[in-house]
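Breakdown of the fold
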Amino acid sequence: MASARVDLDGNPIKPLTICMIGAGGFIGSHLCEKLMAETQHKVLAVDVYSDKIKHLFEPSSLPWADRIQFHRLNIKNDSRLEGLIRMADLIINLAAICTPADYNTRPLDTIYSNFIDALPIIKYCSENGKRLIHFSTCEVYGKTIGCFLPKDSPLRQDPAYYVLSEDSSPCIFGPIEKQRWSYACAKQLVERLIYAEGAENGLEFTIVRPFNWIGPRMDFIPGIDGPSEGVPRVLACFSNNLLRREPLKLVDGGESQRTFVYIKDAIEAVHLMIENPSRANGQIFNVGNPNNEVTVRQLAEMMTQVYSKVSGEPPLDAPTIDISSKEFYGEGYDDSDKRIPDMTIINRQLGSVLLLEPKDITVGLARVDSYLPTPDVRRSCKEGYLKTGNDLRIVYTINLTVFPVKALVNMLKQDQKRKKVAQRRAKRPVVSCNTLGQL
Ligand code: NAD
Ligand code: UDP
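What you are looking at is a predicted structure, and each value in this text was computed from that prediction instead of being measured.

On to the pairing of strand E5 (residues 131–135). In terms of burial, E5 is a largely internal element, 5 of the 5 residues being buried. Along E5, one buried face is formed by Arg131, Ile133 and Phe135 and the opposite face, lined by Leu132 and His134, is buried too. In this structure, strand E4 (residues 90–93) lies alongside E5, joined through 4 bridges in parallel fashion. Considered in E5, the bridge of Leu90 is made with Arg131.

Following this line, the structure appears as structure tokens:
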């Protein structure tokens, strides 16, 4: 018989019923996979979409079939939500509008989704004595203190001016007219509310601040598995450009810096939070890899090289192009300059040293396969692992055989044709019933 699983303090882990709201998204889909494959927990998966988790409950013969239920509901207006929360031991809230292009163009939807829609969840958890793991964002830090210093100030090199710590860094947003901050501000107020519920009403909570988690099922390729004119996050934008053989667009020079972490590493940390409540309750956790920093320009260069390697196509003569944020995102965009997580608290509480290991930055980035549009094409990409010394350096050999690349390029060409036809149609004069009668 397999020995019982134990938590970090050696206590046996009891199977939980987890109500996961927003389970059908990028992070939710990976968390559900982990919980089904490696634990005995049950998941009540709540979302309006199920495409990214369908493979976990269809066919019904899957070994964990009795441990996952999908509930298609919109949390904005569905009275079943409270019942599901009451049935669970733990609530994980992932539901949100969280694509930067929406923050300045759909600020109302962004604020309603990230603030107003979270309120009933917090209230039901507090009233029913349920534990809550709430997903916030690294964006609550906004800009670093360092970015306000003169460009040549030596203090800019001092980590005290840029490393982001849960218990000491301020949250610095731009003016109200910079609507980019609608998301961060809504998330921040929810964090304060949850914290206050903990302090005044004893709510057991954990707040997670993800730092640019990347991997399969993130975002969409515009015109393929998302809106043609949509703007996903940077990896999907660059993948889209590469696949269409367009230059990669560097917003405001591509000087902003990000630390990326591969989704499966980050999910390990969330798994520890779920199963170690006494260590995770009352905590706010940064989850990222401080050692994986790149500028957006460097990211573009890496992705260009990796794509060229896997596709066999030479890079364009001018692989990148500069574009202003106003032209790319519209009015009201603003940016976080640099995002390096301080991992002291999570390492102290959960010992998740895993995220601290310096990794070859290409670990996540080489996974162009993550952004391929259809499950068939994605499945045809294989990955290989190579151990170098003590450092698990993962070299993804993306087996992009000739067929999927061609198939993909054809799909993109068809999308372009569809766009042209739609543009031609839009230009044609409208034929009304009256005109038809005259013909
Ligand atoms: P995602 O968009 O892939 O997933 C969010 C899911 O919530 C979607 O499936 C969506 O359908 C669902 N949802 C939204 N509104 C809903 C509603 N009214 N009713 C029911 N379902 C609803 O996003 P993700 O990348 O998986 O992010 C999950 C959480 O983590 C979000 O709160 C996000 O702000 C936070 N986060 C993620 C990252 C990252 O690196 N991916 C970074 C910072 C913060
Ligand atoms: N960005 C870019 N080109 C693109 C898309 C994004 O230069 O095609 C930049 C964006 O301005 C930001 C960074 O890449 O500085 C990361 O953007 P993303 O949308 O991934 O989300 P963020 O990390 O800002 O939440």
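Before going further, it helps to examine the nonpolar core. Counting 58 residues, the largest nonpolar core has Ile92, Trp213, Met273 and Ile274 as the members making the most contacts within it. It is helix H9 (residues 263–275) that provides the largest number of residues to this core, a total of 7 residues. Among all residues touching Met273, those that are not within four sequence positions of it are Arg131, Ile133, Thr206, Val208, Ala280, Phe285, Val287, Ile346 and Leu350. Counting 25 residues, the second largest nonpolar core, distinct from the first, contains Ile75, Ala118, Ile121 and Ile122.

With that settled, consider the site of ligand 2. In the neighbourhood of ligand 2, 19 residues make up the surrounding shell, with Val234, Lys249, Arg258, Tyr333 and Asp335 lying closest. In this structure, a nitrogen atom belonging to ligand 2 sits 2.7 Å away from a main-chain N or O atom of Lys249. Within the side chain of Arg339, a nitrogen or oxygen atom sits 2.9 Å from an oxygen atom of ligand 2. Its free accessible area being 520 Å², ligand 2 has 96% of it covered by the protein chains. Listing elements by their share of the shell around ligand 2, those giving two or more residues are helix H8 (234–243), strand E9 (248–251) and helix H12 (325–329). Partitioned by chemical class, the residues of the shell around ligand 2 number 10 nonpolar, 2 polar and 7 charged.

What follows is about a nonpolar patch on the surface. Side chains of Leu108, Ile111, Tyr112 and Ile116 sit close together on the surface and give an oily, nonpolar patch of about 370 Å² of accessible area. With respect to the secondary-structure elements, Ile116 resides in helix H5 (residues 107–116). Overall, the relative accessible area of 34% leaves Ile116 in the partly exposed class.

Here we take up the site of ligand 1. Around ligand 1 sit 24 residues in total, of which Phe26, Ile27, Asp47, Asn74 and Tyr183 are the nearest. A distance of 2.8 Å is found between a nitrogen atom of ligand 1 and a side-chain nitrogen or oxygen belonging to Asn74. Contact between ligand 1 and Tyr183: an oxygen atom at 2.6 Å from a side-chain N or O atom of the residue. Considering ligand 1 on its own, with 820 Å² of exposed area, one finds that the protein chains cover 89% of that surface.

Another point: unusual backbone geometry. Note that the residue after Glu58, namely Pro59, is joined by a cis bond; omega there is 0°. Along the polypeptide, Pro59 turns up in the loop between helix H2 (54–57) and strand E3 (68–72). Even without a glycine there, the phi angle at Arg245 is positive, about 55°. Structurally, Arg245 can be placed in the loop between H8 and E9. Relative accessible area serves as the criterion here: at 38%, Arg245 is assigned to the partly exposed category.

What follows is about the packing of helix H6 (residues 118–128) against helix H7 (residues 182–201). Between two packed helices, the angle of one axis relative to the other and the distance separating the axes together describe the packing. The N-to-C vectors of H6 and H7 enclose an angle of 15°; their axes lie 11 Å apart at closest approach. The orientation of H6 relative to H7 falls into the category roughly parallel. For the pair H6 and H7, the crossing hand works out as right-handed. Only Val190, Leu193, Ile194, Glu197 and Asn201 of H7 make contact with H6, whose side of the interface consists of Ala118, Leu119, Ile122 and Ser126. Within the contact of H6 with H7, the residues separate by chemical class into 6 nonpolar, 2 polar and 1 charged.

This part is about H5. Within H5, the full set of buried residues consists of Pro107, Thr110, Ser113, Asn114 and Phe115. Buried-residue contacts for H5 involve helix H4 (100–105), H6 and H7.

Turning our attention to the sheet that holds E4. In space, the 7 strands of this open sheet follow the order E3-E2-E1-E4-E5-E7-E12, with parallel pairing throughout. The open sheet terminates on both sides in strands that have one partner only, identified here as E3 and strand E12 (283–287). In this sheet, adjacent strand axes meet at a mean angle of 15° when their direction is disregarded. As paired elements, E5 and strand E7 (residues 205–210) share 4 bridges and run parallel to each other. Paired with Phe135 across the strands is Val208, a residue of E7. Sitting on the sheet, H7 is in contact with E5, E7 and E12, with an inclination near 160° to E7.

This part takes up the confidence of the model for the protein chain. With 80% of its residues at a pLDDT of 70 or more, the protein chain shows a mean pLDDT of 83. Across residues 360–408, where pLDDT falls below 50, the model places 86 contacts with residues more than four positions away in sequence or in other chains. Below a pLDDT of 50 lies the segment residues 429–439, which in the model reaches 1 contact outside its immediate sequence neighbourhood of four places, other chains included.

Attention shifts here to the side chain of Asp47. Here Asp47 lies in strand E2 (residues 42–47). Reaching out from Asp47, the side chain makes a polar contact with the backbone nitrogen of Tyr49 at a distance of 3.0 Å. Setting aside residues no more than four positions away along its own chain, Asp47 makes contact with Gly22, Ala23, Gly24, Gly25, Phe70, His71, Arg72 and Leu73.

Following the sequence through the fold, Lys76 ends up in the loop between E3 and helix H3 (80–87). Non-local contacts of Lys76, meaning those with residues more than four positions away in its chain, are made with Tyr112, Ser113 and Asp117.

Mapped onto the fold, Leu299 is located in helix H11 (residues 296–311). Leu299 sits in the buried class, given a relative accessible area of 1%. As a C-alpha pair, Leu299 and Gln257 span 42 residues in sequence and 9.4 Å in three-dimensional space.

Basis of the calculations
- Residues numbered from 1 in each chain as written.
- Chains lettered and ligands numbered in written order.
- Predicted model: local features only at pLDDT ≥ 70, side-chain atom pairs only at ≥ 80, totals over all residues.
- Heavy atoms only, no water.
- Buried < 20%, exposed > 50% of the residue type's maximum accessible area, 1.4 Å probe, protein only.
- Helix = DSSP H or I, 4+ residues; strand = E, 2+ residues; numbered from the N terminus.
- Pairing = 2+ DSSP bridges.
- Core = buried A, V, L, I, M, F, W, Y, C linked by side-chain atoms within 4.5 Å.
- Contact = heavy atoms within 4.5 Å.
- Near = heavy atom within 4 Å.
- Polar contact = N/O pair within 3.5 Å; in protein donor to acceptor, adjacent residues only side chain to side chain.
- Areas by Shrake-Rupley, 256 points an atom, 1.4 Å probe, with all protein chains shown as cover.
- Nonpolar A, V, L, I, M, F, W, Y, C, P; charged D, E, K, R; others polar.
- Patch = residues over 30% accessible without salt bridge, like charges linked within 9 Å, V, L, I, M, F, W, Y side chains within 5 Å.
- Salt bridge = Lys/Arg side-chain N within 4 Å of Asp/Glu carboxyl O.
- Axes fitted to C-alpha atoms, helices over the stretch in contact; angles between N-to-C directions.
- Parallel < 35°, antiparallel > 145°, perpendicular 65-115°, else oblique.
- Left-handed = near helix turned anticlockwise from the far one by under 90°.
- pLDDT = per-residue confidence, 0-100.

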